[in-house]
Amino acid sequence: AQSVAQPEDQVNVAEGNPLTVKCTYSVSGNPYLFWYVQYPNRGLQFLLKYITGDNLVKGSYGFEAEFNKSQTSFHLKKPSALVSDSALYFCAVRDGGTGFQKLVFGTGTRLLVSP
Amino acid sequence: SQTIHQWPATLVQPVGSPLSLECTVEGTSNPNLYWYRQAAGRGLQLLFYSVGIGQISSEVPQNLSASRPQDRQFILSSKKLLLSDSGFYLCAWRGRGFEAFFGQGTRLTVV
């Protein structure tokens, strides 16, 4: 089965500094990878995806992610963090092993950006 | 454009009472629909998915059931709620690019 791992429960960064939220994947075949953000008591918002093509994927709100096949990673990045970026971030992978397409999510990483 | 509506936003129900959460999607036809549960503000667990009217698959055995009476309507139900059913329930639909789009969620507290 396809899976993703988010090794950090929480990431702390100062406003204005670059941020990285880590994700590694385990898949058979070509991975379809996604990042979502969740604000308190809200649904998940889609940020970006990697299906094929350039390894650097740009998404919403200035976020980008780098697909690295040799390291089986798909880290989320932003050059300059904002306090408003503080939220819960989820990495996900498509699992179509049963013939039905579903997303399998990581356990989430809480990002805290301090002023 | 497509939108997804989920209600109610919050719900407090006594143990043993019934449950009905509704989700509707606008702006698309024949979507794949999902119900997820998020416990303790963290990981998401897929509960049910549906590829069409009347077609429901369950991912995990539980006290809940789902139904899809119309193409863009997905309902999560229970006949008798348990304390362990408390959580944050999220409905989602899948786009052509494989990403899922989520509703705003329902915070269910069983007391």
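The present account deals with the structure reproduced in this document.

About the thresholds
- Residues numbered from 1 in each chain as written.
- Chains lettered and ligands numbered in written order.
- Predicted model: local features only at pLDDT ≥ 70, side-chain atom pairs only at ≥ 80, totals over all residues.
- Heavy atoms only, no water.
- Helix = DSSP H or I, 4+ residues; strand = E, 2+ residues; numbered from the N terminus.
- Rg over C-alpha atoms; globule rule 2.2 N^0.38 Å.
- Contact = heavy atoms within 4.5 Å.
- Areas by Shrake-Rupley, 256 points an atom, 1.4 Å probe, with all protein chains shown as cover.
- Lys, Arg positive; Asp, Glu negative; His and termini not counted.
- Charge placed at Lys NZ, Arg CZ, Asp CG, Glu CD.
- Salt bridge = Lys/Arg side-chain N within 4 Å of Asp/Glu carboxyl O.
- Buried < 20%, exposed > 50% of the residue type's maximum accessible area, 1.4 Å probe, protein only.
- Pairing = 2+ DSSP bridges.
- Axes fitted to C-alpha atoms, helices over the stretch in contact; angles between N-to-C directions.
- Polar contact = N/O pair within 3.5 Å; in protein donor to acceptor, adjacent residues only side chain to side chain.
- Core = buried A, V, L, I, M, F, W, Y, C linked by side-chain atoms within 4.5 Å.

1. Regarding the overall build of chain B
And step 1. Within chain B one finds zero helices and eleven strands.
And step 2. Mapped in sequence order, the helices and strands of chain B form the string β-β-β-β-β-β-β-β-β-β-β.
And step 3. Against the globule reference of 13 Å for 111 residues, chain B gives a C-alpha radius of gyration of 13 Å, in line with a compact fold.
And step 4. Considering only residue pairs separated by 6 or more positions, chain B has 51% of its internal contacts joining residues 24 or more positions apart.
And step 5. For chain B, the accessible surface area stands at approximately 5,200 Å², while carbon and sulfur atoms represent 53% of it.
And step 6. Across chain B, the mean location of the 9 positive side-chain charges is 5 Å away from that of the 6 negative side-chain charges.

2. Describing the pattern of salt bridges
And step 1. Taken as a whole, this structure holds six salt bridges over all chains when the rule is applied.
And step 2. Here B:Glu99 and A:Lys49 are joined by a salt bridge, their closest N and O atoms 3.0 Å apart. Highlighted residues: B:Glu99 in the loop between strand E9 (87-94) and strand E10 (100-102) and A:Lys49 in strand E6 (residues 44-50), drawn from two different chains.
And step 3. The class of A:Lys49 is partly exposed, set by a relative accessible area of 26%.
And step 4. Note that A:Lys77 and A:Glu66 form a salt bridge whose closest N and O atoms lie 3.1 Å from each other. Here the residue A:Lys77 occupies a position in strand E9 (residues 73-78), and A:Glu66 occupies one in strand E8 (residues 64-68), the gap between them amounting to eleven residues.
And step 5. Residue class for A:Glu66 comes out partly exposed when judged on its relative accessible area of 36%.

3. Section: the sheet that holds strand E7 (residues 65-70) of chain B
Residue and element names in this part refer to chain B.
And step 1. Taken in spatial order, the four strands make up an open sheet running E1-E3-E8-E7, and their pairing is antiparallel. Both edges of this open sheet fall to strand E1 (3-7) and E7, since each of them pairs with a single strand only. For this sheet, the mean inter-axis angle between neighbouring strands, taken without regard to orientation, is 20 degrees.
And step 2. Note: E1 against strand E3 (residues 19-26), five bridges, orientation antiparallel. Its bridge partner being in E3, histidine 5 is matched across the sheet by threonine 24.

4. A look at the side chain of A:Lys102
And step 1. Locating A:Lys102 in the fold gives a position in strand E11 (residues 102-105).
And step 2. For A:Lys102, a relative accessible area of 15% gives the class buried.
And step 3. Looking at A:Lys102, its side chain comes within polar contact range of the side chain of B:Glu59, at 2.6 Å.
And step 4. Other than its neighbours up to four places away in sequence, A:Lys102 contacts A:Val93, A:Arg94, A:Asp95, B:Tyr34, B:Leu46 and B:Glu59.

5. Overview of the pairing of strand E10 (residues 87-95) of chain A
All names here are of chain A.
And step 1. Summarising burial for E10: eight of the nine residues are buried, a large majority.
And step 2. Strand direction decides the pairing type here: strand E5 (residues 33-38) and E10, joined by six bridges, are antiparallel. Along E10, the bridge assignment pairs phenylalanine 34 with alanine 92.
And step 3. Alignment of E10 against strand E12 (residues 109-114), held across three bridges, turns out to be antiparallel. Its bridge partner lying in E12, alanine 87 is registered against leucine 111.
And step 4. Sheet topology places E10 next to E11; four bridges connect them, and they run antiparallel.

6. Description of the nonpolar core
If you look at soluble globular proteins, the nonpolar side chains tend to sit buried side by side.
And step 1. Formed by 26 residues in total, the largest nonpolar core has its most connected members in A:Trp35, A:Leu47, A:Leu48, A:Phe74, A:Leu76 and A:Tyr89.
And step 2. Here this core gets four residues from one element, more than from any other, and that element is E10(A).
And step 3. Setting aside residues up to four positions removed in sequence, A:Phe74 forms contacts with A:Cys23, A:Leu33, A:Phe34, A:Trp35, A:Leu48, A:Lys49, A:Tyr50, A:Ala65, A:Glu66 and A:Phe67.
And step 4. By size, the runner-up hydrophobic cluster in this structure holds 20 residues, among which are B:Ile4, B:Leu21, B:Val25 and B:Leu81.

7. A short note on the pairing of E6(A)
Residues and elements named next belong to chain A.
And step 1. Inspection of the sheet shows E5 paired to E6 by six bridges, in the antiparallel sense. Directly across from tyrosine 36, in E6, lies its bridge partner phenylalanine 46.
And step 2. A loop of five residues connects E5 with E6, the two strands running antiparallel in sequence, and asparagine 41 in this loop sits at a positive phi of about 60 degrees.

No statement about biological role is implied by the geometric values presented.
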